[in-house]
Amino acid sequence: MNRDEAKAVLLLYRHGTADKEDPQIAEALALAQSDQELKDWLVIHCARQFVLREQFQRIAVPVGLKEQIISEQAAGERDVPSGLPKLRLVPVLALILLSGVLAVFWLADQRERDDTLVVFQTQMAGIALRGYGMDLTTNDPVQIRAYLAKNGAPSDFILPGTLKQIQLAGCALEGWQGVKVSMVCFRSSRSAPDVSSDVWLFVVDKASVKKLSAGPIPQIAPVNRLITATWVQGDKLYFLGTTGDAQTLQEYL
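The structure contained in this document is the topic of the report that follows. (Residues numbered from 1 in each chain as written. Predicted model: local features only at pLDDT ≥ 70, side-chain atom pairs only at ≥ 80, totals over all residues. Heavy atoms only, no water.)

## Considering the nonpolar core
Of all hydrophobic cores here, the largest spans 25 residues; its most connected members are F120, F202 and L237. Looking at this core, the elements that each hand over two or more residues are α6 (117-130), β2 (167-176), β3 (179-187), β4 (199-205), β6 (226-233) and β7 (236-242). Here this core takes 7 residues from α6, the largest share from any one element. Non-local contacts of L237, meaning those with residues more than four positions away in its chain, are made with L117, F120, F202, V203, V204, K206, V209, L212, A214, T230, W231 and V232. Ranked by size, the runner-up nonpolar core spans 22 residues in total, among them I166, F186, A229 and L240. (Core = buried A, V, L, I, M, F, W, Y, C linked by side-chain atoms within 4.5 Å. Buried < 20%, exposed > 50% of the residue type's maximum accessible area, 1.4 Å probe, protein only. Helix = DSSP H or I, 4+ residues; strand = E, 2+ residues; numbered from the N terminus. Contact = heavy atoms within 4.5 Å.)

Below, the structure is given as structure tokens:
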């Protein structure tokens, strides 16, 4: 299986479901672990699906829609002579078709917004939640900054508040729209013994993120299953995430 074939298979993949047990999808996922370009594409694809799923979940189902469809279908079967088309379902079918067309246009527009803040936040939160391997494991801040600088990722970031006092666990390099993202991992006092890190800071060049509404004051919001803070300082965008609640996160800012 090559990269293009894997992409075609992974278009059907839904993160967090039993899809990964399908042999073809499992093969494509395995290839993504060794192909960085495919891996970056997959992360964005999963982030797009997450955003799309959230948008559809916000659409309220009209009260009585199910009963209306059933009653109109039954009426159509009674009123329309045998051999003639049942036209009472046409409005419903038209609505379904229109929804499909709108979804296609929404997805096309979404592709043009792959470099927006919400996608960046979703993608980085997904990296922290789905498991990752640190490129460098150390509690030495000098080594972490030196490693990031050597690999062309942001290294002159400024740590806020008490985050400076939390034990460092290591760092990793992530990709975003062709630029490097610094992922700095911390281990809080609440960490379970078998957890390598439970607080994550992502730093990226702010110019790489479009529609950037964040400012110097951290904006706290849940993203996926994390509570996060997003802010801008200098030429960098900071995205901090952890499990827990807003009060927990405030302790690090």
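## Comments concerning the environment of V203
Looking at the element boundaries, V203 is found in strand β4. In sequence terms V203 and D156 are 47 residues apart; their C-alpha atoms lie 9.7 Å from each other. Those residues in contact with V203 that sit more than four places away from it in its chain are P154, F157, K180, V181, S182, K236, L237 and Y238.

## A look at the sheet that holds β2
Taken together, the 7 strands give an open sheet; going across it, the order is β1-β2-β3-β4-β7-β6-β5, and neighbouring strands pair in antiparallel fashion. Lying at the two open borders of the sheet, with one neighbouring strand each, are β1 (136-137) and β5 (219-223). Note: β5 against β6, 5 bridges, orientation antiparallel. Paired with A221 across the two strands is T228, which belongs to β6. (Pairing = 2+ DSSP bridges.)

## Focus: the packing of aromatic side chains
Taken as a whole and judged by the stated rule, the model has 4 aromatic pairs. With 6.2 Å between their ring centres and 70° between their planes, F120 and F239 make a pair best called edge-to-face. A residue pair is termed long-range when its members are at least 10 positions apart, and F120 in helix α6 and F239 in strand β7 qualify at 119 residues. Taken individually, F120 and F239 each receive the classification buried, so the pair is uniform in this respect. (Phe/Tyr/Trp six-rings, centres within 6.5 Å; stacked < 30°, edge-to-face > 60°.)

## Brief notes about empty space enclosed by the protein
For the structure on display, the rule yields 2 cavities of 30 Å³ or more. If you add up the space inside the largest cavity, you get close to 40 Å³. In this structure, the largest cavity is lined by Q36, K39, D40, V43, Q123, I127, R130, E174 and G175. Every element with two or more residues in the lining of the largest cavity is listed here: α3 (36-57), α6 and β2. With 4 residues, α3 is the single largest residue contributor to the lining of the largest cavity. Its residues placed into classes, the lining of the largest cavity shows 2 nonpolar, 3 polar and 4 charged. (1 Å grid on protein atoms, 1.4 Å probe; cavity = no way out; pocket = protein on both sides within 12 Å on 5 of 7 lines; lining within 4 Å. Points joined across faces, edges and corners; volume = space filled by probe spheres on them. Nonpolar A, V, L, I, M, F, W, Y, C, P; charged D, E, K, R; others polar.)

## Thoughts on the pairing of β4
Two faces belong to every sheet, and in a regular strand the side chains alternate between them. Within β4, 6 of the 7 residues are buried, which leaves it mostly tucked inside the rest of the structure. Of the strand pairs in this sheet, β3 and β4 are connected by 5 bridges, and their pairing is antiparallel. Residue pairing for β4: F186 is matched across the bridge by V199. In terms of strand pairing, β4 meets β7 through 7 bridges, oriented antiparallel. Within the sheet, the bridge partner assigned to F202 lies in β7 and is F239.

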